[in-house]
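Summary of the model geometry
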Amino acid sequence: NAGRSCFHRFRQDESERSLQEQRVAEALVESLKTTPEEFSVVYQPQFDLTSDRLIGMEVLVRWDHADIGPISPAEFIEVCERRGLIHELMERVVACVVADLSSLTTAVPRGLGLALNISAGQFADARLLALIEPIVSQTRRLGWVPELEITETHLMHLSPRYRRQLEAFGRDGVRIAVDDFGTGYSSLAYLHELPIHILKIDRQFVARLGEERRDLQIVSAVLGMARALELEVIAEGIETDAQRQHLVQLNCLKGQGFLMARPMRWAQLSQRWLM
Ligand code: C2E
Ligand code: CA
Ligand code: CA
Ligand code: CA
């Protein structure tokens, strides 16, 4: 409808994208097999917004390719999912986290959350339980709490069988967080049905706090809903003090974001908060 030239351009973008994806996919296969040390993890601290106390951390994967340089997870996670490589990638992620955690003595603050991002497809993968087991046992040793983050849109499409998998995790003391909450238009009924513990308010709402009254109302409504369902709430992507203050006023007392701390290497995090 838009005309011939638009159609042409679209096709070009498409084929460029698949070419780029092809390149990333090939590099992924190669690196996972021959140079897994290119993949590493960083940790973004999470805080109590009123006391600045550390309450947990989110694990984020990093890939520094020998020739290409750093590649963002936004670019390669999806390719991993589509090409069936996510389990291999997460094996590497888990190995990194376990190495870091095992360096700790038990003389660290207790009760900290340790959150791992899990792709929807992994809930359908029988290997998931064994994959996260070493993290579950390390966190248990430290008196910490393992958490799995799954995006809202993915959660909504989980079949009953995988919902039961979520329930099983809950019984094991693994907490489930709904990532990017607010972007998937979930209903109260559906949230109520799922064995979840935490809502992570997507940063697009946090970013607009203070600009638009509507966003304030949305976050406020989400917090009311979370309270009614007895879920914990954590805000992500806090970049300004004004946003932080708005959240505290709305009684959202947990958060993470560049304002407080960027994702960082284990050495830095542990030196600053765990010694
Ligand atoms: P996410 O789970 O929503 O993670 C939060 C992203 O926001 C991270 O980007 C983080 O660095 C960034 N961020 C944190 N604070 C701020 C802030 O104040 N402002 C802004 N603008 N950004 C902030 P990152 O590390 O590039 O990760 C992107 C996405 O890749 C993640 O989004 C997650 O969906 C996925 N991902 C990362 N690591 C893993 C992993 O180990 N496994 C899986 N399955 N997915 C992962
Ligand atoms: Ca996340
Ligand atoms: Ca998120
Ligand atoms: Ca996200």
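Residues numbered from 1 in each chain as written. Chains lettered and ligands numbered in written order. Predicted model: local features only at pLDDT ≥ 70, side-chain atom pairs only at ≥ 80, totals over all residues. Heavy atoms only, no water.

Under an unreviewed UniProt entry, the name given to the protein chain is EAL domain-containing protein, and the organism recorded is Marinobacter xestospongiae.

What follows concerns helix H3 (residues 86–102). Here H3 spans 24 Å end to end across 17 residues, near enough to the 24 Å set by a 1.5 Å rise per residue. Those residues of H3 lying buried are Ile-86, His-87, Leu-89, Met-90, Val-93, Val-94, Cys-96, Val-97, Val-98, Asp-100 and Leu-101. (Helix = DSSP H or I, 4+ residues; strand = E, 2+ residues; numbered from the N terminus. Expected span 1.5 Å × (residues − 1). Buried < 20%, exposed > 50% of the residue type's maximum accessible area, 1.4 Å probe, protein only.)

Let us now look at the state of the cysteines. All told, the structure shown has zero disulfides when counted by the stated rule. Unpaired in terms of disulfides, Cys-96 finds its nearest cysteine sulfur in Cys-80, a separation of 14 Å. (Disulfide = S-S within 2.5 Å.)

Take the nonpolar core next. Core analysis: the largest hydrophobic core is formed by 83 residues, its most contacted members being Phe-76, Leu-116, Phe-123 and Trp-144. The dominant element in this core, judged by the number of residues it contributes, is H3, at nine residues. Once residues within four sequence positions are removed from consideration, Phe-76 is found in contact with Val-24, Leu-28, Phe-39, Val-61, Trp-63, Ile-71 and Leu-89. (Core = buried A, V, L, I, M, F, W, Y, C linked by side-chain atoms within 4.5 Å. Contact = heavy atoms within 4.5 Å.)

Within the first shell, the calcium ion (ligand 4) binds the protein through Asp-180 (OD) and Asp-180 (OD), at distances of 2.7 to 3.0 Å. A separation of 5.9 Å is found between the calcium ion (ligand 4) and the calcium ion (ligand 2). With respect to the secondary-structure elements, Asp-180 resides in strand E6 (residues 175–181). (Donors = N, O, S within 2.8 Å, 3.2 Å for Na, K, Ca; no water.)

This paragraph deals with the pattern of salt bridges. With the rule as written, the count across this model stands at 15 salt bridges. The salt bridge partner of Glu-21 is Arg-82, with a shortest N-O separation of 2.4 Å. On the criterion of sequence distance, the pair formed by Glu-21 in helix H1 (residues 4–34) and Arg-82 in helix H2 (residues 73–82) is long-range, its members being 61 residues apart. Glu-149 is paired through a salt bridge with Lys-200; the nearest N and O atoms lie 2.7 Å apart. (Salt bridge = Lys/Arg side-chain N within 4 Å of Asp/Glu carboxyl O.)

Summarising the metal site, the calcium ion (ligand 3) is bound by the protein donors Asp-179 (OD), Asp-180 (OD), Glu-236 (OE) and Glu-236 (OE), whose distances to it range over 2.0 to 2.8 Å. One chain supplies every donor for the calcium ion (ligand 3), spaced along it as D-D-x55-E. Classification of Asp-179 as buried rests on a relative accessible area of 8%. Look at Asp-180 and you get partly exposed, because its relative accessible area is 25%.

With that settled, the discussion passes to the site of ligand 1. By nearness alone, 19 residues border ligand 1, and Gln-44, Arg-62, Arg-203, Glu-239 and Phe-258 come closest of all. A distance of 3.1 Å is found between a nitrogen atom of ligand 1 and a side-chain nitrogen or oxygen belonging to Ser-119. Arg-203 is positioned such that a nitrogen or oxygen atom in its side chain is 3.0 Å from an oxygen atom of ligand 1. For ligand 1, whose free accessible area comes to 800 Å², the fraction covered by protein is 83%. (Near = heavy atom within 4 Å. Polar contact = N/O pair within 3.5 Å; in protein donor to acceptor, adjacent residues only side chain to side chain. Areas by Shrake-Rupley, 256 points an atom, 1.4 Å probe, with all protein chains shown as cover.)

Before going further, it helps to examine the packing of H3 against helix H4 (residues 128–142). Close contact between H3 and H4 brings their axes to 9 Å; oriented N to C, the two are set at 20°. Looking at the two axes, H3 sits roughly parallel to H4. Both H3 and H4 take part in a crossing whose hand is left-handed. Contact residues: His-87, Met-90, Glu-91, Val-94, Val-97, Val-98, Leu-101 and Ser-102 in H3; Leu-131, Pro-134, Ile-135, Gln-138, Thr-139, Arg-141 and Leu-142 in H4. (Axes fitted to C-alpha atoms, helices over the stretch in contact; angles between N-to-C directions. Parallel < 35°, antiparallel > 145°, perpendicular 65-115°, else oblique. Left-handed = near helix turned anticlockwise from the far one by under 90°.)

Residue position: Ser-186 is located in the loop between E6 and helix H7 (188–193). It is 8.1 Å that separates the C-alpha atoms of Ser-186 and Thr-153, two residues lying 33 residues apart in sequence.

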